[in-house]
Amino acid sequence: QIQLEESGGGLVQAGGSLRLSCAAVGRAFSGNTMGWFRQAPGKEREFVASINWSGSSAYADSVKGRFTISRANAMKTAYLQMNSLVAEDTAVYYCAARYPVMTAVSVRDSDYAYWGQGTRVTVSS
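In this text, all values refer to a predicted model and were calculated from it rather than measured experimentally.

**A short note on the overall build of the chain**
Tallying secondary structure elements over the chain gives zero helices and 11 strands in all. For the chain, the α and β elements follow one another from N to C terminus as β-β-β-β-β-β-β-β-β-β-β. Against the globule reference of 14 Å for 125 residues, the chain gives a C-alpha radius of gyration of 13 Å, in line with a compact fold. With the C-alpha coordinates aligned to their principal axes, the bounding extent of the chain is approximately 40 × 25 × 25 Å. Counting all 125 residues of the chain, 46% fall into the buried class.

**Observations regarding the pairing of strand β7 (residues 67-72)**
Only one face of β7 is buried, namely the one carrying Phe67, Ile69 and Arg71, since none of Thr68, Ser70 and Ala72 on the opposite face is buried. Relative to strand β8 (residues 77-82), β7 is paired through six bridges, and the arrangement is antiparallel. Pairing of Ala72 across the sheet is with Thr77, part of β8. Hairpin connection, β7 to β8: the antiparallel pair is bridged by four residues, and Lys76 has positive phi, about 50°.

**Observations concerning the packing of aromatic side chains**
Per the stated rule, a full pass over the model turns up five aromatic pairs. Members of the aromatic cluster, joined through ring pairs, are Phe37, Phe47, Tyr112 and Trp115. Lying over the aromatic face of Trp115, Arg45 brings its terminal NZ or CZ to 3.9 Å of the ring centre. One cation-aromatic arrangement involves Arg71 over Phe29; the distance from NZ or CZ to the ring centre is 4.6 Å.

**Examining a nonpolar patch on the surface**
Together, Trp53, Tyr99, Val101 and Met102 line one region of the surface with nonpolar side chains, adding up to about 400 Å² of accessible area. With respect to the helices, strands and loops of the structure, Tyr99 is situated in the loop between β9 (91-98) and β10 (112-115).

**Re the sheet that holds strand β3 (residues 18-26)**
Pairing is antiparallel across the open sheet formed by four strands, whose spatial order is β1-β3-β8-β7. Among the strands making up the open sheet, the edge pair consists of β1 (2-7) and β7. Between one strand axis and the next, the sheet turns through 15° on average, direction left out of account. Strand direction decides the pairing type here: β3 and β8, joined by six bridges, are antiparallel. The residue of β8 that forms the bridge with Arg19 is Gln81.

What counts and what doesn't
Residues numbered from 1 in each chain as written. Predicted model: local features only at pLDDT ≥ 70, side-chain atom pairs only at ≥ 80, totals over all residues. Heavy atoms only, no water. Helix = DSSP H or I, 4+ residues; strand = E, 2+ residues; numbered from the N terminus. Rg over C-alpha atoms; globule rule 2.2 N^0.38 Å. Buried < 20%, exposed > 50% of the residue type's maximum accessible area, 1.4 Å probe, protein only. Pairing = 2+ DSSP bridges. Phe/Tyr/Trp six-rings, centres within 6.5 Å; stacked < 30°, edge-to-face > 60°. Lys NZ or Arg CZ within 6 Å of the ring centre and 35° of its normal. Patch = residues over 30% accessible without salt bridge, like charges linked within 9 Å, V, L, I, M, F, W, Y side chains within 5 Å. Areas by Shrake-Rupley, 256 points an atom, 1.4 Å probe, with all protein chains shown as cover. Salt bridge = Lys/Arg side-chain N within 4 Å of Asp/Glu carboxyl O. Axes fitted to C-alpha atoms, helices over the stretch in contact; angles between N-to-C directions.

Here is the structure:
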């Protein structure tokens, strides 16, 4: 069992930056693929970024070049650095962990077994 808790959301102006954090409690973290997803008002949840145990990463086209996913295994924390934010980035952002360990990155939310409660990001234009 892994419990995930996101933090770092808030209100930011367009063009600004935020860094989201996802702290994991419970089972070992270093082997789990971690993902970030988001859900905008009235829309379905969508993939944002994923990073696996070896550091390989994947991004949605809409955030490539602006967002960076990373992890600090010693801290059991994953991060999402978001730069050049636009109004379309407004959403609740969710952190997720795959299980079992040592898996590839994935864009499918059904591949993730554990989810956080989400942190809200609002970008004002």
